[in-house]
There are 2 protein chains.
Amino acid sequence: MRHQVTIKDLAKQLNISVATVSRALRDLPDIHPDTKKAVLELAAELDYQPNVLATSLVKSKTKTLGLVVPDLGYHFFSTITKHIEEAAIKAGYSLLITQTQESYEREIVNIQNLLRSQVEGIIISLSRETKNFDHLIRLQKRGMPLVFFDRNSEDILASKVMVDNEVSAYEAAKHLIDNGCKRIAFVAGPSNVSVSNQRIEGYKRALRAHQMKVDDKLIIHSDYYADTATRLTLELMGVKNPPDGIVVVSDRLALGVLVALKQLKLKIPEQVKIVSFNNEPICSVVSPSISSVAQPLETIGKLATELLIEQIESKTEFEPQIRVLKTELVIRESSKRD
Amino acid sequence: MRHQVTIKDLAKQLNISVATVSRALRDLPDIHPDTKKAVLELAAELDYQPNVLATSLVKSKTKTLGLVVPDLGYHFFSTITKHIEEAAIKAGYSLLITQTQESYEREIVNIQNLLRSQVEGIIISLSRETKNFDHLIRLQKRGMPLVFFDRNSEDILASKVMVDNEVSAYEAAKHLIDNGCKRIAFVAGPSNVSVSNQRIEGYKRALRAHQMKVDDKLIIHSDYYADTATRLTLELMGVKNPPDGIVVVSDRLALGVLVALKQLKLKIPEQVKIVSFNNEPICSVVSPSISSVAQPLETIGKLATELLIEQIESKTEFEPQIRVLKTELVIRESSKRD
DNA sequence: TTGAAAGCGTTACCAA
DNA sequence: TTGGTAACGCTTTCAA
């Protein structure tokens, strides 16, 4: 740990004032070329790095954005994070990345840390545990610009970037119907998860639109573990008149469904067809490969970042914007027509 | 954007000095219980958040660590990142996470940004492009504590947390030999990558130790794309006397190898057995599931963080430590004995 | 137990 | 074109 070189050191060595050094470094006008050259050279020689803390403090601006995501272990979040970071950098901001690991407590702590770090705005996708939104309301009370993506709160008025889960699920179910399925089940997430519920709605609408009746016994709620989906699928397929098509709320659970069907020696897609959501890389790697609904990850990340920055930099009151993006069904083996 | 509440605001409203408020907030001794109570209450009411920039500036300590990883899209890095963050938080530090996306340029920029953010130490895994280490040497010149994990530079004296790639590969190859393979190939990465080369060495040693001769034609160098591995594997298997076992340098490439073998209608593991490295979640999900060498991700993350913090907080000159961890071969279908 | 004031590294204003 | 100085929000002496 040695003393880090500051603007004062440069000033002293060159026998000029700190004000002048500061100007030279930022190449402001009104500075003698020679002075500037000398400053720049010495700065390079001493490997001077400006202290952003000091700058931020005087400017009361950090040019930093905060991100709160549940878990970077998910392809979905790590990819969006990458795009958010890229968009932020492009706009001259840096990004503070935090993970909640799906914990409500950590969500609160992370947000608090971001506040203390003086971020100028926050992009967030809520943890699974988050049922109470006081911490977000407080954020808004203090005027902190906020943008949600994916998992959001309906109670909070803020910019949001989402996909149309209802329509996506409608299309996924319709795809199975078009390919000949007569009896379609839905493997959902916990019944309090809005993304899951929206998808159930789309699924139901598709059935009704094609004169198939909705059978609640065919809608099963899993937790987030593939094992659970396997167990539930075994039960699901065990009844008489089992489904010949399954819409699964996520790729992770779809893997569990796949395991069950293989155990039962059911042929995919001949006997049972499957479609799921997220289009993670595994989809194209497992056998049979899984048809899955792809979200526009890059667009989500870019848009969220742009909306946030727009709000930060807007002089007038900013009108929250809700952007609903289209998804794309990627068809693979698991749902191929016979 | 409204004015954020500061220690001054609290002081003014309570008609006391900022010094007293500061003391109350940090509950230092020598403060009247009533004063303290009043301060804490008002702070809560106004949702006061300390400005870490200011604190860090006066203390010239940020209690922040910097992390530079190639790509959070890899399970390997996102998992280690999670453990690093956890270890950092536990020790009272926060973490600035940056990704290079395998770019040398971005590695330099990221490090510079971390410096400007006044991190007290840096944990890094080098980008693929990084061949020149001047930026790291500069880091050390200014006394910045540095810890490498996984991809490191042999030229730099610093703490490192790694696994024994040579031994891991020896064991992987031995496993194939034990299970009856007579002719074993190695699908490697680019020939300038040290991790890959260390694994080749282990593979060679295993063959020699078991009276099998090393045939350079059986060692093929792929890039990082599964497609390339597929193409090269097709060539590899096309010759007369093709291998009956393949050690693959990474799971990603193993997937490509799998595709080739399936195309050739070769039975796995009956006709060809496979072992790879990293033990990503896909390994257990593909069919056949892939035997793979698991790295102790949690230990790597924790250890790297602890070494770094130890160095930061050590009063005396810190002796760099190289820690070489053991791996564990997770056996699955792809290498099962007939 | 409390307050005044200096200082952390930088910027920005005013004066020279 | 340059310098002096107040200020950013906080901590830390030193004195009261």
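The residue numbers shown here count from 1 along each chain, following its written sequence. Each chain is given a letter, starting from A, and each ligand a number, starting from 1, according to the order in which they appear as written. Local features in a predicted model are, by the rule used here, given only for residues with pLDDT of at least 70; side-chain atom pairs are given and counted only at 80 or more, and totals for whole chains, interfaces and linings are based on all residues. As a rule here, side-chain values come from all non-hydrogen atoms in the structure, and water together with hydrogens is ignored.

Observations concerning the domain arrangement of chain A
Residue and element names in this part refer to chain A.
Then step 1. Domain limits in this description derive from either an automatic procedure or a database domain assignment. Here chain A is partitioned into domain 1 (7-45), domain 2 (61-162 + 297-328) and domain 3 (165-295 + 329-335).
Then step 2. Here, residues are in contact when the closest pair of their heavy atoms is within 4.5 Å. Taken together, the contact between domain 2 and domain 3 spans 12 residues of the former and 13 residues of the latter.
Then step 3. Counting each side, the surface lost to burial between domain 2 and domain 3 is near 1200 Å², with a carbon and sulfur contribution of 49%.
Then step 4. Buried area: the accessible area, evaluated with a 1.4 Å probe, that two parts lose upon being put together, summed over both parts. Considering only the side of domain 2, the residues that lose the most area to domain 3 are His 75, Thr 327 and Glu 328, jointly responsible for 43% of the buried surface there.
Then step 5. When a carboxyl oxygen of Asp or Glu is within 4 Å of a side-chain nitrogen of Lys or Arg, the pair counts as a salt bridge. For the pair domain 2 and domain 3, the number of links is zero salt bridges.
Then step 6. Throughout this description, a polar contact denotes any pair of N or O atoms lying within 3.5 Å of each other; where both atoms belong to protein, one of them has to be capable of donating a hydrogen while the other can accept it, and for residues adjacent in sequence the pair is counted only when both atoms sit in side chains. Between the two partners, domain 2 and domain 3, sit four residue pairs in polar contact (both at pLDDT 80 or more).
Then step 7. Grouping the constituent residues of the side of domain 2 that touches domain 3 by class yields four nonpolar, three polar and five charged. Here the nonpolar group is Ala, Val, Leu, Ile, Met, Phe, Trp, Tyr, Cys and Pro; Asp, Glu, Lys and Arg are the charged ones; every other residue, Gly included, is treated as polar.

What to know about helix α3 (residues 33-45) of chain A
Residues and elements named next belong to chain A.
Then step 1. Helix numbers and strand numbers start at the N terminus; a helix is a DSSP run of H or I with at least 4 residues, a strand a run of E with at least 2. Expected span, for any helix, means 1.5 Å times one less than how many residues it has. Taking 1.5 Å as the rise per residue, α3 with 13 residues should run 18 Å; its terminal C-alpha atoms sit 18 Å apart, in good agreement.
Then step 2. The inward-facing, buried residues of α3 abut α1 (7-14) and α2 (18-25).
Then step 3. One or two positions beyond α3, positive phi appears at Asp 47, with a value near 55°.

What about the packing of helix α2 (residues 18-25) of chain B against helix α3 (residues 33-45) of chain B?
All names here are of chain B.
Then step 1. Packing of α2 against α3 leaves a shortest axis separation of 9 Å and a crossing angle of 85°. Taken together, α2 and α3 sit at an angle that is classed as roughly perpendicular. Taking contact as the criterion, the partners of Thr 20, Val 21, Ala 24 and Leu 25 in α2 are, on α3, Thr 35, Lys 36, Val 39, Leu 40 and Ala 43.
Then step 2. Here the residues of the contact of α2 with α3 are counted per class, giving six nonpolar, two polar and one charged. Helix axes are fitted only over the stretch in contact, all axes being lines through C-alpha atoms; the angle between N-to-C directions runs from 0 to 180 degrees. Any angle between 65 and 115 degrees counts as roughly perpendicular, while under 35 counts as roughly parallel, over 145 as roughly antiparallel, and the rest as oblique.

Regarding the UniProt feature "domain: HTH lacI-type" (unreviewed entry) in chain A
Then step 1. With numbering matched to this structure, UniProt assigns "domain: HTH lacI-type" (unreviewed entry) to residues 5-59 of chain A.
Then step 2. Secondary structure within residues 5-59 of chain A divides into 67% helix and 0% strand; the distance between the first and last C-alpha atoms comes to 21 Å. UniProt positions are given in the numbering used here, feature names are shortened, and annotations may be inferred rather than shown by experiment.

Thoughts on the packing of α1 of chain A against α3 of chain A
Residue and element names in this part refer to chain A.
Then step 1. Where α1 meets α3, the closest approach of the two axes is 10 Å, and the angle between their N-to-C directions is 120°. By the criterion of interaxial angle, the relationship of α1 to α3 is oblique. As α1 runs across α3, the sense of the crossing is right-handed. Between α1 and α3, the contacting residues are Leu 10, Gln 13 and Leu 14 on the first element and Ala 38, Val 39, Leu 42 and Ala 43 on the second.
Then step 2. Counted by class, the contact of α1 with α3 contains six nonpolar, one polar and no charged residues. The handedness criterion is simple: a crossing whose near helix is rotated anticlockwise from the far helix by less than a right angle is left-handed, and one whose near helix is rotated clockwise is right-handed.

Here we look at the pattern of salt bridges
For side chains of opposite charge, pairing can occur when their charged atoms come near one another.
All names here are of chain B.
Then step 1. Enumeration over the complete set of coordinates arrives at 26 salt bridges over all chains.
Then step 2. Here Asp 215 and Arg 183 are joined by a salt bridge, their closest N and O atoms 3.5 Å apart. Remark: Arg 183 occurs in the loop between α8 (165-178) and β6 (184-188) and Asp 215 occurs in the loop between α9 (194-209) and β7 (219-221); sequence separation between them is 32 residues.
Then step 3. Here Asp 215 ties to Lys 217 by a salt bridge, and the two come within 3.9 Å at their closest N and O atoms.
Then step 4. Residue classification places Asp 215 among the buried positions, given a relative accessible area of 18%. Between buried and exposed lies partly exposed: a residue is buried under 20% and exposed over 50% of the maximum accessible area for its type, with that area taken using a 1.4 Å probe on protein chains only.

Examining the protein's contact with DNA strand C
Then step 1. Throughout, near means a residue has at least one heavy atom within 4 Å of the molecule or strand. Surveying the vicinity of DNA strand C reveals 25 residues, the closest of which are Ile 7, Ser 22 and Tyr 48 of chain A together with Thr 20 and Thr 35 of chain B.
Then step 2. Among all atoms of DNA strand C positioned within 4 Å of the protein, those belonging to sugar or phosphate total 71%.
Then step 3. In this structure, Ser 17 of chain B approaches DNA strand C through a main-chain N or O atom, which is 2.9 Å from a phosphate oxygen.
Then step 4. The backbone of Val 58 of chain B places a nitrogen or oxygen atom 3.2 Å from a base oxygen of DNA strand C.
Then step 5. Of all the secondary structure elements, the ones that give two or more residues to the surface near DNA strand C are α1, α2 and α4 (52-59) of chain A together with α2 and α4 (52-59) of chain B.
Then step 6. Take the surface near DNA strand C: its biggest share by element is four residues, from α4 of chain A.
Then step 7. Considered class by class, the residues forming the surface near DNA strand C number 11 nonpolar, eight polar and six charged.

Description of the sheet that holds strand β9 (residues 273-277) of chain B
All names here are of chain B.
Then step 1. Between any two strands, pairing holds if DSSP finds at least two bridges. The six strands are arranged β7-β6-β8-β9-β10-β12 in an open sheet whose pairing can be described as mixed. Each edge of the open sheet carries a strand with a single partner, namely β7 and β12 (328-330). Adjacent strand axes in the sheet meet at a mean angle of 20° when their direction is disregarded.
Then step 2. Across three bridges, the pairing between β6 and β7 is parallel. Residue pairing across strands places Phe 186 opposite Ile 219, the latter belonging to β7.
Then step 3. This element, helix α11 (residues 251-263), spans β6, β8 (245-248), β9 and β10 (291-294) of the sheet and lies at about 160° to β9.

What to know about the packing of aromatic side chains
Then step 1. Stacked, edge-to-face and tilted labels apply to pairs of Phe, Tyr and Trp rings (six-membered ring for Trp) whose centres lie within 6.5 Å, assigned for plane angles under 30 degrees, over 60, and everything in between, in that order. This structure, assessed with the given rule, holds eight aromatic pairs over all chains.
Then step 2. A centroid spacing of 5.1 Å and a plane angle of 55° characterise the contact between Phe 186 of chain A and Tyr 203 of chain A, whose relative ring orientation is tilted. Highlighted residues: Phe 186 of chain A in strand β6 (residues 184-188) and Tyr 203 of chain A in helix α9 (residues 194-209), separated in sequence by 17 residues. Exposure class is identical for Phe 186 of chain A and Tyr 203 of chain A. Each is buried.
Then step 3. Both rings, one in Tyr 74 of chain B and one in Phe 77 of chain B, keep their centres 6.3 Å apart while their planes meet at 85°; by these two values the pair is edge-to-face.
Then step 4. The buried category is assigned to Tyr 74 of chain B, whose relative accessible area is 18%.
Then step 5. In this structure an aromatic cluster arises from ring pairing among Tyr 74, Phe 76, Phe 77 and Phe 149 of chain A.
Then step 6. Put simply, a charge is over a ring when the Lys NZ or the Arg CZ is close to the ring centre, within 6 Å, and near the line of the ring normal, within 35 degrees. When the ring centre of Tyr 224 of chain A is taken as reference, the NZ or CZ atom of Arg 128 of chain A above it lies at 3.3 Å.

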